[in-house]
Amino acid sequence: MNMVSRNTMTTDEFRAAILRHLKYELGKDASHASVEDWRMALSFAVRDQIVDSWFAATRKTYEAGAKRVYYLSMEFLIGRLLEDGIVNLRLVDQARDALAALGQDFDTVLEDEPDAALGNGGLGRLAACFLESLSTLGCPAYGYGIRYEHGLFRQSFVDGRQMEAPETWLLKRHAWEFERPESRYRIGFGGEVSTKGGKVVWTPADSVDAEAYDTPVIGWQGRWANTLRLWSARASDTPFDLDSFNRGDFAGAAEPEALARTISRVLYPDDTTDQGKELRLKQEYFLTGAALQDIMRRFDSEHDDLGKLPSKVAIQMNDTHPAIAGPELVRILHDERGLPFDEAMNMAQACLSYTNHTLLPEALESWHEGLFGKLLPRHLQIVDRIDDAHAKAHPSRTVSARSDNHVKMGELSFIMAHKVNGVSALHTDLMKTTVFSEFHRLHPDRIINQTNGVTPRRWLLSCNPRLSGLITDTIGETWADHLEELKGLEPHVSDPAWLEKYAAAKRANKVDLANWMSSTADINVDPDMMFDVQIKRLHEYKRQHLNILEAIALWQEIKANPSADWTPRLKIFAGKAAPGYFFAKDIIRLINDVAKVLNADVETRDMLQVAFLPNYNVTLAERLIPAADLSEQISTAGKEASGTGNMKFALNGALTVGTLDGANVEIREHVGAENFFLFGMTADKVEARRAIKDHAAQAIAADPRLAAALKAIHDGVFSPDEPARYHNITENLSGPDYFLVSSDFTDYYRAQREVDTAFKDQQHWMTMAALNTARSGWFSSDRTITDYMAQIWDAKSLRDS
Ligand code: H53
């Protein structure tokens, strides 16, 4: 493989390390070892290399007395770690060769690792990319999260319907974490607040303990490693009730531990909606309370002067989920450390910053004060004082962190943060003019933009070895952590011989995917079809239903005129719907039903097929993105805060068909409008369109294709056994259609035909694809993190010190 230069460890040394771990760690003889044993032995051999960097980084941070960044997130969607470690340590060749010498296949061994799906979607994957970039850049940092026993549910389809099964990533052995029983903190809930000797004292009624598990996160070339510290819930006192046991009540005896563990049992499978459950609030305080105790303990171990806290500690709240960090830090500084309230508040604010990831009203967390006060009585008092102080300082304000008997976590985070950032230029502008307009008027310097990014190590180097090999051959190997260097590809794009190699890499990736789909999903396609991919959570605003409507309209058109010069296309979907989001689940079923009909149609199936791949996760994304020709980024303008899949596709040479939403706007600016298929309403037109009473009906009346596609669904063409199955969808799209699917259809269909025409000229298509790669360097999460370090955290790199 044409990978960037090798680590100095030899294949023989590596082979010996694998065998040593197999024997002494796993107690297995090579002749009896299973794939899982080999995977564990390989992981331990790689981990050995990581641990040295990890210790060195910790030592350097202590020696320098450096500021640390603490990234608090309810989600870290890290996926598999073995290949990531091997690639970052540049041990790919040695690992492959060592395993081969031991009679094992590298890819099979990598495939054995379960995906750590400790997140729902974009927000969680962003946190994982950020951790990797923090390590690559050598910025001292911790990620704090929850060690969910069950990550995001496993999805399968029965008769096209989504089924959910618990995810069990910990059932297989996990090589990457170190249990830290000594790092254990008590987290209280409920109880009383009283005053003793002039001091406020919170006496919780219940508690659980948070126990730490550490996973090292290795950066590029192994030059730095940070820690992902995940908390697991344990019973505070006796984990086991011996009296009950002795009475024969075995279930009752185990109850304290079982109850406590509930807190870290499952990841909420909701993306962008506020679950509003008591357990969710408990999880949020569990994470935040444990993280803050840990942060203060580490600070105290190095510094005597509390005044130094803001110069040593930067705490990032990833969305409002850890927003309780504001009142909790004030509580620690005021109640426990004795700072005057205002000083505590100012100091907390100097440490804290907040990333907003959505403007969807249903996703902005707010807790009823009854529940909040029941679980966190002292925090409720502190929230009130914070809010009063803010009101006093800004008498003209009309928005508050406390209204309608609720605690508004967005407003609270805003008040308690010294910087608040959006995740794309458009999203940040909309924050200023919509949800946070009043706070922006009061604090005009607080909101800043930090457009998201993705780590090029995972999302190009590792997932697309063919393209990365060509890039390295063309511009040398330093692009992997200087992604702007991809610009150096531009002069080669006009060289037909080079472009042919670029096209060959894409084609080989498509052949791999086609083979994989045929062997795992029984989907047989010609790799020369256009691979048109929409992979993301199912949500009405992401408009998978717009995509499938277009497929139906195209199918009808092909049937009416089968001998025309159609561009063969495979539409690939993947993504999960929140289990309680029935409309989104109906969309999944509709796509599966449409796929059944279209793929069985001998007249059209060489021109158009549809596949919905089950159980979308990080690993599936790594497989699909390098093989994609077209990337579907078709959300209603103003609704997708940024998107990060859109960046991964562009980087890997897929062209985007998209709206001017989220980071699509910036992608189009970077890759060039002529290399991007734009359609749809802009964010500033959306409101006006919605205000037209019959907007959907008007759109349908004006476009016979749309009318016919909707009619086919309505008449049961795709659900002959139950014709009314999708009336909910057709009625929505002809009536309220909040997400303007019908209104955007005509322009989407037009853009897709433009895509068809462009795809016929493969030379030109590949030129556009290669320009997408060459011009996507700005979307590296190294750029994003460098800007966070300078503009939010005031943190320095120690990597080269
Ligand atoms: O966060 C991504 C964005 C994306 C946005 C997503 C997100 C979640 O995954 C979950 C909750 C939430 O409020 C937002 O939808 O647009 O790219 C990372 O910023």
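Residues numbered from 1 in each chain as written. Predicted model: local features only at pLDDT ≥ 70, side-chain atom pairs only at ≥ 80, totals over all residues. Heavy atoms only, no water.

Chemist: Help me get a handle on the overall build of the chain, residues and values and all.
Modeler: Check the secondary structure of the chain and you find 33 helices and 24 strands. Against the 2.2 N^0.38 benchmark of 28 Å for 801 residues, the chain shows a C-alpha radius of gyration of 27 Å, consistent with a compact globule. In the chain, buried positions account for 61% of the 801 residues. Counting only contacts in the chain whose residues sit at least 6 apart along the sequence, the fraction spanning at least 24 positions is 78%. A total accessible area of about 28800 Å² is found for the chain, and carbon and sulfur atoms account for 52% of it. Charge separation in the chain, taken as the distance between the mean sites of 89 positive and 114 negative side-chain charges, equals 2 Å. (Helix = DSSP H or I, 4+ residues; strand = E, 2+ residues; numbered from the N terminus. Rg over C-alpha atoms; globule rule 2.2 N^0.38 Å. Buried < 20%, exposed > 50% of the residue type's maximum accessible area, 1.4 Å probe, protein only. Contact = heavy atoms within 4.5 Å. Areas by Shrake-Rupley, 256 points an atom, 1.4 Å probe, with all protein chains shown as cover. Lys, Arg positive; Asp, Glu negative; His and termini not counted. Charge placed at Lys NZ, Arg CZ, Asp CG, Glu CD.)

Chemist: So what's going on with the sheet that holds strand 23 (residues 655-658)? Which residues, and what values?
Modeler: Sheet architecture is open: six strands sit in the order 21-20-19-22-23-24, paired in parallel fashion. At either margin of the open sheet sits one strand with a lone partner, and together these are strand 21 (608-613) and strand 24 (677-678). Where strand 22 (residues 630-633) lies against strand 23, four bridges are found, and the strand directions are parallel. In the strand pairing of strand 23, Gln 633 is matched with Gly 658. (Pairing = 2+ DSSP bridges.)

Chemist: How would you summarise empty space enclosed by the protein if you had to cite specific residues and measurements?
Modeler: According to the stated counting rule, one finds nine cavities of 30 Å³ or more in the structure shown. Counted as a void, the largest cavity has a volume near 860 Å³. Lining the largest cavity are 50 residues, with Asn 120, Gly 121, Gly 122, Leu 123 and Asp 271 sitting closest to its centre. Where the lining of the largest cavity is concerned, the elements lending two or more residues are helix 6 (122-136), helix 24 (618-624) and helix 25 (645-651). Here the lining of the largest cavity spans two domains, since at least three of its residues come from each of domain 1 (67-90 + 119-452) and domain 2 (509-784). (1 Å grid on protein atoms, 1.4 Å probe; cavity = no way out; pocket = protein on both sides within 12 Å on 5 of 7 lines; lining within 4 Å. Points joined across faces, edges and corners; volume = space filled by probe spheres on them. Domains from an automatic or database assignment.)

Chemist: Could you give an account of the pairing of strand 22, with specific residues and numbers?
Modeler: Side chains of strand 22 alternate between two faces, with Leu 630 and Glu 632 and Ser 631 and Gln 633 buried alike. Of the pairings in the sheet, the one linking strand 19 (residues 530-535) to strand 22 comprises two bridges and is parallel in character. Among the inter-strand pairings, Asp 532 is bridged to a residue of strand 22, identified as Leu 630. Assessed by its sense of winding, the connection that carries the chain from strand 22 through helix 25 to strand 23 is right-handed. (Right-handed = clockwise from strand over helix to strand, strands pointing away.)

Chemist: Now, about the pattern of salt bridges: what can you tell me, with residues and values included?
Modeler: According to the stated counting rule, one finds 71 salt bridges in the structure shown. The shortest N-O distance in the salt bridge between Arg 184 and Asp 209 comes to 2.9 Å. Here Arg 184 is found in strand 7 (residues 178-189), whereas its partner Asp 209 is found in strand 10 (residues 206-218), with 25 residues between them in sequence. Residue classification places Arg 184 among the partly exposed positions, given a relative accessible area of 34%. Residue class for Asp 209 comes out buried when judged on its relative accessible area of 5%. Among the ionic pairs, Lys 510 bridges to Asp 629, the shortest N-O distance being 2.6 Å. Of the two residues, Lys 510 sits in helix 21 (residues 496-520) while Asp 629 sits in the loop between helix 24 and strand 22, which places them 119 residues apart along the sequence. Classification of Asp 629 as buried rests on a relative accessible area of 2%. Salt bridges here are not isolated pairs; linked through shared partners, they connect Lys 28, Glu 36, Asp 37, Arg 39, Asp 112, Lys 172 and Arg 173. (Salt bridge = Lys/Arg side-chain N within 4 Å of Asp/Glu carboxyl O.)

Chemist: How would you explain the domain arrangement of the chain if you had to name every residue and give the values?
Modeler: Size of an interface, as often reported, equals the accessible area lost when the parts are brought together. When its domains are assigned, the chain resolves into domain 1 (67-90 + 119-452) and domain 2 (509-784). On a C-alpha basis, the centroid separation for the pair domain 1 and domain 2 is 35 Å. Between domain 1 and domain 2, the contact holds 41 residues from the first and 39 residues from the second. Connecting domain 1 to domain 2 are one salt bridge. For Glu 164, the salt bridge identified is with Lys 585, shortest N-O distance 2.7 Å. Along the contact surface separating domain 1 from domain 2 lie 18 residue pairs in polar contact (both at pLDDT 80 or more). Every element with two or more residues in the side of domain 1 that touches domain 2 is listed here: strand 2 (76-79), helix 6, strand 5 (154-158), strand 6 (161-165) and helix 16 (425-433). By residue number, the principal contributor to the side of domain 1 that touches domain 2 is helix 6, which donates seven residues. Partitioned by chemical class, the residues of the side of domain 1 that touches domain 2 number 15 nonpolar, 17 polar and nine charged. (Polar contact = N/O pair within 3.5 Å; in protein donor to acceptor, adjacent residues only side chain to side chain. Nonpolar A, V, L, I, M, F, W, Y, C, P; charged D, E, K, R; others polar.)

Chemist: Please set out the layout of surface pockets residue by residue, giving values where relevant.
Modeler: If you add up the space inside the largest pocket, you get close to 830 Å³. Forming the walls of the largest pocket are 29 residues, and the residues nearest its centre are Glu 83, Asp 107, Ser 462, Cys 463 and Arg 623. Elements that contribute at least two residues to the lining of the largest pocket include exactly helix 3 (82-88), helix 4 (92-101), helix 5 (106-111), helix 18 (456-462), helix 19 (465-475), helix 21 and helix 24. Looking at the lining of the largest pocket residue by residue, the class counts come to 13 nonpolar, four polar and 12 charged. Built from parts of two domains, the lining of the largest pocket gets at least three residues from each of domain 1 (67-90 + 119-452) and domain 2 (509-784). Where the lining of the second largest pocket is concerned, the elements lending two or more residues are helix 21 and helix 24. By residue number, the principal contributor to the lining of the second largest pocket is helix 24, which donates three residues. In terms of residue class, the lining of the second largest pocket is made up of 10 nonpolar, five polar and 10 charged. Inspection of the lining of the second largest pocket shows a minimum of three residues originating in each of domain 1 (67-90 + 119-452) and domain 2 (509-784).

Chemist: Give a detailed account of the pairing of strand 12 (residues 313-318), specifying residues and quantitative values.
Modeler: Judged by how many residues are buried, strand 12 sits mostly within the fold: six of six residues are covered. Here strand 12 shows two buried faces, one formed by Val 313, Ile 315 and Met 317 and the other by Ala 314, Gln 316 and Asn 318. Pairing geometry for strand 1 (residues 68-72) and strand 12, over five bridges, is parallel. By the bridge assignment, Tyr 70 is partnered in strand 12 with Ile 315. Judged from the four bridges that link them, strand 12 and strand 13 (residues 352-355) form a sheet pairing that is parallel. Following the sheet pairing, Gln 316 is matched in strand 13 by Ser 353.

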